[in-house]
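A look at the structure
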Amino acid sequence: MTGVEVVLVVNIAVGSLFAAGYAIIAAGNASQRAALWFALSYMIGMLAPVSDILGPVLGASELGEVLSYSAFLLASLSISASLAIFHRRRPPWAAILAILVYGLGVRAWIWEHERDTASYGFAYQSAYVLASLLAARTTLSIDRRGPLHLALAAVFFVISAHFLLKPFAAMTFGSGRTFADYTKTTYAMISQSSSGILLVAAGLLLLLIVAQKAIAESQLASETDPLSGLANRRGFDRRAEAALARARRTGLPMAVALFDLDRFKRVNDTFGHATGDGVIAGFAAVLRDTAPGAAITARQGGEEFVMLIEGATAGTAWLAAEAVRIRTALGLGEGLPAMTVSAGVAQLRPGESLSDLLRRADQATYDAKHAGRDRICLAPEAPSPAAVRLAS
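This section reports on the structure supplied with the text. (Residues numbered from 1 in each chain as written. Predicted model: local features only at pLDDT ≥ 70, side-chain atom pairs only at ≥ 80, totals over all residues. Heavy atoms only, no water.)

1. With respect to the sheet that holds strand 5 (residues 376–378)
The strands making up a sheet associate through hydrogen bonds between their backbones, and the pairing can be parallel or antiparallel. Which entries qualify depends on this criterion: The pairing criterion is simple: DSSP has to find at least two bridges between the two strands. Each helix is a run of DSSP H or I of at least 4 residues and each strand a run of E of at least 2, with the numbering of both proceeding from the N terminus. All axes are obtained by fitting lines to C-alpha atoms, using only the stretch in contact for helices, and the reported angles, taken between N-to-C directions, cover 0 to 180 degrees. Throughout, a residue-residue contact means that at least one pair of heavy atoms, one from each residue, lies within 4.5 Å.
If you trace the five strands from one edge of the open sheet to the other, you get 2-3-1-4-5, paired in mixed fashion. Single-partner strands in this sheet number two, and they are strand 2 (296–301) and strand 5. When the angles between neighbouring strand axes are averaged without regard to direction, this sheet yields 20 degrees. In terms of strand pairing, strand 1 (residues 254–261) meets strand 3 (residues 304–310) through seven bridges, oriented antiparallel. Looking at strand 3, one finds that A255 is bridged to I309. On the sheet, helix 12 (residues 314–329) packs against strand 1, strand 3, strand 4 (341–347) and strand 5 and is oriented at approximately 170 degrees with respect to strand 4.

Right under this line is the structure:
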């Protein structure tokens, strides 16, 4: 076995590991089924080194050459489709088809041309260059891209430059007069080794992106209340502590409103728990739609909800809570009983902890209940609603 054949075998093994890795993540995470597209891309790509090895051995060099070129081009293009599908975007099918047709057409055109020439080399590599640039463009077009996406796009740009340099290496070292001679050349060793290293880098970054998304969605699921669709207590605490740290760092105000649905137990006792669940979901929708865009909203448990607003004073939070109260009284949805809600509002004091802030808001909610329900009360040392109205 020649050195080139060893490198080809290594590339096949690495491609198999990547394909298996994507498949395992997809199988273990229902939300990551799109990772199977990456597995398919690497499985297609493995056909290229397999054809390079088996073509000459089986005396089918020409067939092996066609399969090798076509498989690698298709695998390179399928990465763009896989990236788009994985991030729930429309794949660039028109560009993919155009590059595929162009690549196969150019390959047919140069079939009888002399191999170790600039025109042959650039024509041969041009479709790979375009496929790599398309992958880079697709990566950069993804919404909410992070450092891993930027690194991946950079790798695709390097891969495209690497394909542009290959013709010079072929002319310098010689790529063999025929495809059968190719695996015995120094150029083949350089070409396969460099391509393998770069594709491993791209594969690792893709695998990290897939794993990162799986972890993020798993965390989101663990921090989301399934009935209301809002954050649960765990999710709220994590986000609220981060908001508290920002408030301490910037010195900006922060306020919280705690909501408690009035006479919720009576709903369950009178209409049943299914209706009670509908009321919870209906109020969650009201809270989500009415709360300020920057607010952190969550279901604390049972019929209790919370809204934390960064940069808000108690007066601002009172107005936001009042809007939620009014909207709730207008109805939570067809077929649901009329409901009211009581709430307490508190503004963060200097040096106060999150639990202390919530405790004061909870006491204000208790005051609202005992004052007759269907109202918003302010915690002590906060401006009164009348003052808020005058200021506005």
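2. A closer look at the packing of helix 1 (residues 3–28) against helix 8 (residues 186–222)
Quick note on the threshold: Convention used here: angles under 35 degrees read as roughly parallel, angles over 145 as roughly antiparallel, angles from 65 to 115 as roughly perpendicular, and any remaining angle as oblique.
Following both chains from N to C, one finds helix 1 and helix 8 inclined at 10 degrees, their axes separated by 10 Å at the closest point. Judged by the angle between their axes, helix 1 and helix 8 are roughly parallel.

3. What to know about helix 9 (residues 233–250)
Selection rule: Under the convention used throughout, the expected extent of a helix is 1.5 Å for every residue step, that is, one less than its residue count. Relative accessibility decides the category of a residue: with a 1.4 Å probe and only protein chains considered, values under 20% of the type maximum give buried, values over 50% give exposed, and everything between is partly exposed. Directions pointing from the helix axis toward each C-beta atom define the arc. The definition of a polar contact used here is a pair of N or O atoms within 3.5 Å, where within protein one atom must be able to donate a hydrogen and the other to accept one, and adjacent residues in sequence count solely through side-chain atom pairs.
Over its 18 residues, helix 9 extends 25 Å from the first C-alpha to the last, a length consistent with the 26 Å expected when each residue adds 1.5 Å. Where helix 9 is concerned, the buried positions are G235, F236, A240, A243, L244 and A247. Down the axis of helix 9, the sector holding all buried residues measures 155 degrees, keeping them to one side. Of the exposed residues in helix 9, those oriented more than 90 degrees away from the buried face are R234, R248 and R249. Buried positions along helix 9 lie against strand 1, strand 2, strand 3 and helix 13 (354–370). For helix 9, the side-chain oxygen to backbone nitrogen distance between the N-cap and R234 is 3.2 Å, and the N-cap itself is N232. Residue G251 follows helix 9 closely and has a positive phi angle near 80 degrees.

4. Some points on the packing of helix 4 (residues 93–109) against helix 5 (residues 118–140)
For the record, the criterion: Gly is placed with the polar residues, together with every amino acid not listed as nonpolar (Ala, Val, Leu, Ile, Met, Phe, Trp, Tyr, Cys and Pro) or charged (Asp, Glu, Lys and Arg).
For the pair helix 4 and helix 5, interaxial distance at closest approach is 9 Å and the crossing angle is 170 degrees. The pairing of helix 4 with helix 5 is recorded here as roughly antiparallel in orientation. Taken together, the residues of helix 5 that come into contact with helix 4 (itself represented by A95, I96, I99, Y102, G103, V106, R107 and W109) are Y120, A123, Y124, S126, A127, L130, A131 and L134. Residue composition of the contact of helix 4 with helix 5, grouped by class: 13 nonpolar, two polar and one charged.

5. Quick word on the packing of aromatic side chains
The description of an aromatic ring pair rests on the distance of the ring centres and on the angle between the ring planes. The test is simple: Each pair of aromatic rings taken from Phe, Tyr and Trp, with Trp reduced to its six-membered ring, is defined by centres within 6.5 Å and is described as stacked if the planes are under 30 degrees apart, edge-to-face if over 60, and tilted in the remaining cases. Lysine and arginine charges are scored as sitting over a ring when NZ or CZ, respectively, is within 6 Å of the ring centre and within 35 degrees of the ring normal.
Enumeration according to the criterion identifies 15 aromatic pairs in this entry. Connected via pairs of aromatic rings, a cluster forms that spans Y69, F72, Y120, Y124, Y128 and F163. Directly above the ring of Y69 sits R107, whose terminal nitrogen or CZ lies 5.9 Å from the centroid. The ring of F86 is capped by K213, whose NZ or CZ atom sits 4.4 Å from the centre of that ring.

6. With respect to the pattern of salt bridges
Formally: Salt bridges are defined as contacts in which a side-chain nitrogen from Lys or Arg sits within 4 Å of a carboxyl oxygen from Asp or Glu.
For the structure shown, the criterion picks out 12 salt bridges. Of the charged contacts, one joins R360 and E352 as a salt bridge, the two residues approaching to 2.7 Å between their closest N and O atoms. Assigned by exposure class, R360 and E352 land together as buried. Look at the salt bridges and you will find they share partners, linking D260, D262 and K369 into a network.

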